[in-house]
Amino acid sequence: MRVPSTRRLRALRRAMLGVVGLTGFLLIWQLIPTLGLINPLYLPYVTDVLARLFEQLVDLAFWRRLGSTMTSWAIGLTVATIAAVVLGTVVGLVPFLRRATHTMVEFLRPIPSVALIPLAVLMFGIQRQAALVIIIYASFWQVFVQVIYGVADVDAVARDTARSFGLTRREQLSHLVLPTTLPYLMTGLRLAAAVALILAITAEMVIGNPGLGRMIELSRSAGDAPGLYALVVVTGLLGLTVNIVFRFVERRVLSWHQSVRGEEPL
Amino acid sequence: MSDRRTLLRVEHLRKVYESATGDVEAIGDISFTMDAGELICVVGPSGCGKTTLLKCLAGLLRPTSGVVEMDGAPVTGPSPAMAVVFQEYGRSLYPWLTVRGNVELPLRHKKLTRAARSRLVVDALEAVGLAHAARSHPWQLSGGMQQRVAIARAIAYQPDVLIMDEPFAAVDAQTRADLEDLVRELHASRSISVVFVTHDIDESVYLGQRVLVLSTSPTWVQEDLAIDLPPERDQITTRALPRFTQLRTHVYDQIQRAKRGQAVAP
Amino acid sequence: MTAYTGRIAATRRGRTVGSRIAAGLAYPLGLPILLLVLWGVVATRATSTFFPDPLTIAEAFRQTWVGPAFVEDVLPSLTRLGLGIAASIVVGIAAGTVIGLTQWLRDLLEPLLEFLRAIPPPVLIPVAMLLLGITDTMKVVVIVSGAVWPILLNTIEGVRGTDSVMKETARSFQVSWWERLWFLVLPAASPRIMAGVRQALSVALILMVISEMFASSSGLGYRIAYFQRNYLIAEMWSGILLLGLVGVFLAVAFGLVERRVLRWYHGIREVNRV
C-alpha cells in the first residue's frame, strides 16, 4: 500500500508536465527576440506583452470594449439559438418540410459567413447590427443541424408507446422530443458559442464596429506590437473561458443522461 | 502425440497486479507442462485468472515470478511460435481490412515471397471454409464466420501452439458445435498444439485430451485430468457416452469445490 | 451535414413512375425555385438597391467571373486555399499521430494546445502580417494556423483511443511498427481524423476570405470587398454566390472522399442499424 496512490501521482505528474509545457512555450518566445532570431518590433518580448496585458486589465476603456464584444456575442448567440431551435424542431418533426428544405440547407450552410460581411456593411454600416448578421448566420447552422439531428433521433418504439397511451402533441413534445434532443442541442450550443465569439471579433476587425477586434486592428495599424500580442492573448483566454463554461454547463445539464455525448463531427 | 517432446513448460507462475487500491494476486502458483501436439483445455470458475494465464503464456504479460518456457527457451515477449485467438473477434479483426487482408497482415513481416504468402492465406481460408468470403469485410459476416477468420489468421501464421481465449463464448450453440469440430479437425490435420481456455465444462471435456481445472484466484492448478475418450469424437455420440457424463460431472464437482474454496493447495 | 440525409428515405409505393420522378425532382428543387421566383418578384417591385433580382445577379456573375478575373482573382484564392488545406492535413495528422502515441508529450502539450486552439483564428492575421508581411506565404500560414487545430486535436484523440484488443492482436502477431501505424493506428483514427478535416475545410475557407479582405490586392475576398466599397451591388452578390459555390464544392468533394475512405465505417453503421 502506497500512501499517495499511483493515480494521484500520475495526475500530479500530468499537471506538472502541463505547467512545464506552458513555461517552455513562454521561455522559447522570450528567447527568440532575445537571440535576435526575429526583430522585437515584429515579435516582442513576452515580458513586454505580459506587462501590457496587465496594464490593460486595469484600464476601464479595455473592459468597455470587451463588454461591447461580449454583448454582440450574447445577443447573436441568443437570437441564433432561439431561431434554430424553433425552426429546427418544426422542420425536424414534419417529414415534408425536412425533404423540401434539404437542398436549401445543403447550399446555404457551406457559404462562409464572412462572405456576407460586405452585404451586412451595406445594410447597417459600421454598427453592431452588421456584426450581428454575421454572428447569427454562422452560429444558427451549428444549432439548427444538431436540433434536426436530435429530433430525428427520437426512438420509434418510444414514440409509438407515447401515441398508444394517448399523449397529446404537447405532452409528446415535452416528455419525448425534448429529452432526446437536449444532448444534441447542448452540443450545438457549445459549438455555436465558440463560432459566435470568433465571428464577433472578426466582424469588429473587418467592419470596424467598436470592440476587441477593432482594438486589434488599431494596434496593428499603429505598429504597436506588444499591444497587438497582448490582445491576441486576451482573445485566447476569452475563447478558453467560453469553451470551459459551455463544456461545464453541458455536463451539468446532461448529468442525468447516461452518455454525455462526445464531440459530434460537423 | 507421436513424439513426447515437451513443448510448453510453466513453472511456479505468479502474477500480481499493482493498482491504486492495492495489489491483486491474480495467479498464485501455476505449474504444468504440455507435449508437442497436445490439445489442452483450461477451465475454472469465472474470474479465476484464465485470461491472465493465457496472456502470460503468449508473452503479452510479464509474470511477477516463475517461468514460461517454449521449446526450452524462456518466453519474454510475443513469439512467432504462438498465435492467439481472442474472445472478442469483433475487436480483434480489423474492420477496415478485408478478410484476406486480416489473415495476411501478420505474414507481412515474415520474409516470404508474395506467392508463398498468398498460398498460406488461401490455404488457411480454405481450411476454415471461408475461401468464398476472402474479399468481404469482417463486419459483413456472422459472428461464427468472424471467429473462423480469426482462426484462419492464426493458422496462416504457422505457429507451434494455438492459444485460444474463450473463443466461442459469444456465438450461438449450433455455430459453437461446428467451431468445436473445426478446432479438433485442425488440431488433427495440422499437428498444431492447442491451449484452449473456456468456462464451459462440456466444451472442455469434449475438446480436450487433458483438462486443467483451475482454482479461484489466487489461482493454482487444482486438477490435471486426462480425458480418456476415444480420439474420434462426434457431437452426438461422444456427448452421449456414459464416460463423457462421468468426466463432466467430475469436472463440475471440482469447480464447485473451487468456488466454495474447499480445494487444497498443492 | 449528411447527418439527416439518411432519414429522408420515406415510404414510396403504389405510385406511377412519372409521379415518382416528379416528386423526386420537386423535393430538392421546389423550395429553391420558389424562393428565387419570390426574390425576383419582390426585388423588381420594391426596387431596393441592396437586393437586385436574381437575373441581374446571374448576368453580373457571368460578366465578372467568366474571363480574366478567373485567372487573376479566383485561381490565386483557390491555390492558397488548396495549399493551406493540404498543409493543415499533413501537419495535423503527422503531429497528431506523434503526440497521440506519446503519453508524456501529450501531458506536456495539452494545456498549451487547449489555449492555442481557443484563439479565434482571424486574430492571427494581423500577427502573420507583422511577421511575414503581406505575402502569399502569410495567407497560407494564416489558413494553416486556423485549420490545423481540428485535425490535430481529432487525430490525437483518435490515435489515443485505438482499441486495446486490436493493439494486443498486433502485438501478439509481432506486427512491425510501420505496419502497426499504417494498418492499425491510422485506420482506427480515420473517422475522427475525417471529422477534423471536415471542420478544417470551413475554417480554411473563412480564413482565405478574411485574409484577402484584410490584406490583399487580389483574390475573391478582396474582390467582394472592393465591389461593396464601390457600390457594385450585383457584382458583390455574384461574389457571395461564387463563395457559396466554392463552399458547396468543398463539401461535395469532401463527401465523396469521405465515403471512400470510411467505407468500412459507414458499412458497419449500416449493418448495425438493420
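Residues numbered from 1 in each chain as written. Chains lettered and ligands numbered in written order. Predicted model: local features only at pLDDT ≥ 70, side-chain atom pairs only at ≥ 80, totals over all residues. Heavy atoms only, no water.

(A) Summary view of the overall build of chain B. In terms of helices and strands, chain B carries nine helices and ten strands. Compactness check: chain B gives a C-alpha radius of gyration of 18 Å against a globular reference of 18 Å for 266 residues, within 12% of the reference. Taken over the C-alpha atoms alone, chain B extends approximately 55 × 45 × 40 Å along its principal axes. Going through the 266 residues of chain B one by one, you find that 56% of them count as buried. With the model as given, the accessible surface of chain B reaches about 11,300 Å², and the carbon-plus-sulfur share is 50%. (Helix = DSSP H or I, 4+ residues; strand = E, 2+ residues; numbered from the N terminus. Rg over C-alpha atoms; globule rule 2.2 N^0.38 Å. Buried < 20%, exposed > 50% of the residue type's maximum accessible area, 1.4 Å probe, protein only. Areas by Shrake-Rupley, 256 points an atom, 1.4 Å probe, with all protein chains shown as cover.)

(B) Representation of the environment of Val 145 of chain A in the model. Residue and element names in this part refer to chain A. With respect to the secondary-structure elements, Val 145 resides in helix H6 (residues 128–152). You can call Val 145 buried: its relative accessible area is 4%. Considered as a pair, Val 145 and Leu 27 are 118 residues apart in the sequence and their alpha carbons are 43 Å apart.

(C) Expanded view of the domain arrangement of chain C. What the domain assignment reports for chain C is domain 1 (12–46) and domain 2 (54–273). Spacing between the C-alpha centres of domain 1 of chain C and domain 2 of chain C amounts to 34 Å. (Domains from an automatic or database assignment.)

(D) Representation of a nonpolar patch on the surface. On the surface, a nonpolar cluster with roughly 650 Å² of combined accessible area is contributed by Val 17, Ile 21, Leu 25, Leu 29, Ile 33, Val 37 and Val 41 of chain C. Turning to its location among the elements, Ile 33 of chain C is positioned in helix H1 (residues 17–46). (Patch = residues over 30% accessible without salt bridge, like charges linked within 9 Å, V, L, I, M, F, W, Y side chains within 5 Å. Salt bridge = Lys/Arg side-chain N within 4 Å of Asp/Glu carboxyl O.)

(E) Quick peek at the interface of chain A and chain C. Across the boundary between the two partners, chain A contributes 63 residues, which contact 61 residues of chain C. Between chain A and chain C lies a buried interface of about 6,000 Å² when both sides are counted; carbon and sulfur atoms form 75% of it. Applying the counting rule to chain A against chain C returns three salt bridges. A salt bridge links Glu 110 of chain C to Arg 14 of chain A, with the nearest nitrogen and oxygen atoms 3.2 Å apart. Listing elements by their share of the side of chain A that touches chain C, those giving two or more residues are helix H1 (6–34), helix H4 (95–108), helix H5 (117–124), H6, helix H8 (169–207), helix H9 (212–221) and helix H10 (225–253) of chain A. Per element, the largest residue contribution to the side of chain A that touches chain C is twelve residues, and it comes from H10 of chain A. Partitioning the side of chain A that touches chain C into residue classes produces 42 nonpolar, eleven polar and ten charged. (Contact = heavy atoms within 4.5 Å. Buried area = accessible area lost by both parts, 1.4 Å probe. Nonpolar A, V, L, I, M, F, W, Y, C, P; charged D, E, K, R; others polar.)

(F) Just the packing of H10 of chain A against helix H5 (residues 124–132) of chain C, in detail. Packing of H10 of chain A against H5 of chain C leaves a shortest axis separation of 10 Å and a crossing angle of 145°. Every pair of crossing elements has a handedness; the one defined by H10 of chain A and H5 of chain C is left-handed. Contact with H10 of chain A, carried on its side by Ala 225, Leu 228, Tyr 229 and Val 232 of chain A, involves Leu 124, Pro 126, Val 127, Leu 130 and Leu 131 of chain C of H5 of chain C and no other residues of that element. Taken together, the residues of the contact of H10 of chain A with H5 of chain C break down into nine nonpolar, no polar and no charged. (Axes fitted to C-alpha atoms, helices over the stretch in contact; angles between N-to-C directions. Left-handed = near helix turned anticlockwise from the far one by under 90°.)

(G) Representation of the nonpolar core. Trp 73 of chain A together with Leu 162 and Met 164 of chain B are the most contacted members of the largest nonpolar core, which has 189 residues in total. For this core, the element with the most residues is helix H8 (residues 177–214) of chain C, which contributes 19 residues. Counting residues in hydrophobic clusters, the runner-up holds 34 residues, among them Ala 36, Ile 40, Ala 58 and Ile 163 of chain B. (Core = buried A, V, L, I, M, F, W, Y, C linked by side-chain atoms within 4.5 Å.)

(H) Quick look at helix H5 (residues 143–156) of chain B. All names here are of chain B. Taking 1.5 Å of rise per residue, 14 residues should cover 20 Å, and H5 covers 20 Å from first to last C-alpha, within 8% of that figure. The element H5 is largely enclosed, with a buried count of twelve among its 14 residues. Taken together, the buried positions of H5 are occupied by Gly 144, Gln 146, Gln 147, Arg 148, Val 149, Ala 150, Ile 151, Ala 152, Arg 153, Ala 154, Ile 155 and Ala 156. Gln 158, located one to two residues past H5, shows a positive phi value of around 55°. (Expected span 1.5 Å × (residues − 1).)

(I) Focus on the packing of aromatic side chains. Counting across every chain of the model gives 19 aromatic pairs over all chains. On the numbers, 5.9 Å between centres and 65° between planes, the contact of Tyr 226 of chain C with Phe 227 of chain C is edge-to-face. Phe 227 of chain C gets classed as buried once you look at its relative accessible area, which sits at 6%. In this structure an aromatic cluster arises from ring pairing among Tyr 137, Phe 140, Trp 141 and Phe 144 of chain A. Taking NZ or CZ as reference, Arg 239 of chain B lies 4.7 Å from the ring centre of Tyr 206 of chain B, over its face. (Phe/Tyr/Trp six-rings, centres within 6.5 Å; stacked < 30°, edge-to-face > 60°. Lys NZ or Arg CZ within 6 Å of the ring centre and 35° of its normal.)

(J) Layout of the sheet that holds strand E6 (residues 82–85) of chain B. All names here are of chain B. What the ten strands build is an open sheet, ordered E5-E4-E1-E2-E10-E9-E3-E8-E7-E6; its pairing is mixed. Two strands in the sheet have a free side with no partner beyond their single neighbour: strand E5 (73–74) and E6. Across the sheet, H5 is in contact with E6 and strand E7 (161–165); its angle to E6 comes to roughly 175°. (Pairing = 2+ DSSP bridges.)

(K) Quick peek at the pattern of salt bridges. In this structure the tally under the stated criterion is 33 salt bridges over all chains. Ionic pairing is found between Glu 180 of chain B and Arg 176 of chain B, a salt bridge with its closest N-O pair at 3.8 Å. With a gap of four residues between them, Glu 180 of chain B and Arg 176 of chain B both fall in helix H6 (residues 173–190), about one helical turn apart. In this structure, Glu 180 of chain B and Arg 176 of chain B share a single accessibility class: buried. As a salt-bridge pair, Glu 59 of chain C and Arg 62 of chain C come within 3.1 Å of each other at their nearest N and O atoms. On the criterion of helical spacing, the pair formed by Glu 59 of chain C and Arg 62 of chain C is a turn pair, its members being three residues apart in helix H2 (residues 54–65).

(L) Expanded view of the environment of Gly 101 of chain B. All names here are of chain B. Along the polypeptide, Gly 101 turns up in helix H3 (residues 99–104). On the accessibility criterion, Gly 101 (14% relative accessible area) is buried. Counting along the chain gives 35 residues from Gly 101 to Ser 136, while the straight-line C-alpha distance between them is 9.8 Å.

(M) View of the confidence of the model for chain C. All names here are of chain C. On average, residues of chain C carry a pLDDT of 86, and 93% of them reach 70 or more. Within the model, the stretch residues 1–14 combines pLDDT values under 50 with 17 contacts to residues more than four positions away or in other chains. Under the prediction, the complex receives an ipTM of 0.87, its pTM being 0.86. (pLDDT = per-residue confidence, 0-100.)

(N) Fine view of the UniProt feature "transmembrane region" (unreviewed entry) in chain C. Residues and elements named next belong to chain C. According to UniProt, the "transmembrane region" (unreviewed entry) feature falls on residues 21–42, 81–102, 123–152, 201–224 and 236–257. Between the end C-alpha atoms of residues 21–42 there is a gap of 31 Å, over a span that is 100% helix and 0% strand. End-to-end, the C-alpha atoms of residues 123–152 are 20 Å apart, and along that stretch the chain is 87% helix and 0% strand. (UniProt positions renumbered as here; feature names shortened; annotations may be inferred.)

(O) Structural detail: the pairing of strand E9 (residues 210–214) of chain B. Residues and elements named next belong to chain B. In terms of residue burial, E9 counts as a mostly covered element, since five of its five residues are buried. Of the two faces of E9, the one carrying Arg 210, Leu 212 and Leu 214 and the one carrying Val 211 and Val 213 are both buried. Of the strand pairs in this sheet, strand E3 (residues 39–43) and E9 are connected by four bridges, and their pairing is parallel. From the neighbouring strand, Cys 41 faces E9, where its bridge partner is Val 211.

(P) Molecular detail of H5 of chain C. Three or more residues of H5 of chain C are buried, namely Ile 125, Pro 126, Val 127, Ala 128, Met 129 and Leu 130 of chain C. Elements that come into contact with the buried residues of H5 of chain C comprise H8, H9 and H10 of chain A together with helix H6 (136–160) and H8 of chain C.

(Q) Here's a closer look at the side chain of Glu 168 of chain C. Relative to the helices and strands, Glu 168 of chain C resides in helix H7 (residues 164–172). Residue contacts for Glu 168 of chain C: discarding those within four places in its chain leaves Lys 55, Leu 60 and Phe 86 of chain B.

(R) Looking closely at the pairing of strand E2 (residues 24–35) of chain B. Residue and element names in this part refer to chain B. Here strand E1 (residues 6–17) runs beside E2; their pairing, made up of eight bridges, is antiparallel. Residue pairing in the sheet places Leu 13 in a bridge with Ile 30 of E2. With two bridges connecting them, E2 and strand E10 (residues 219–226) associate as parallel partners. Across the sheet, Asp 29 pairs through a bridge with Trp 220, a residue of E10.

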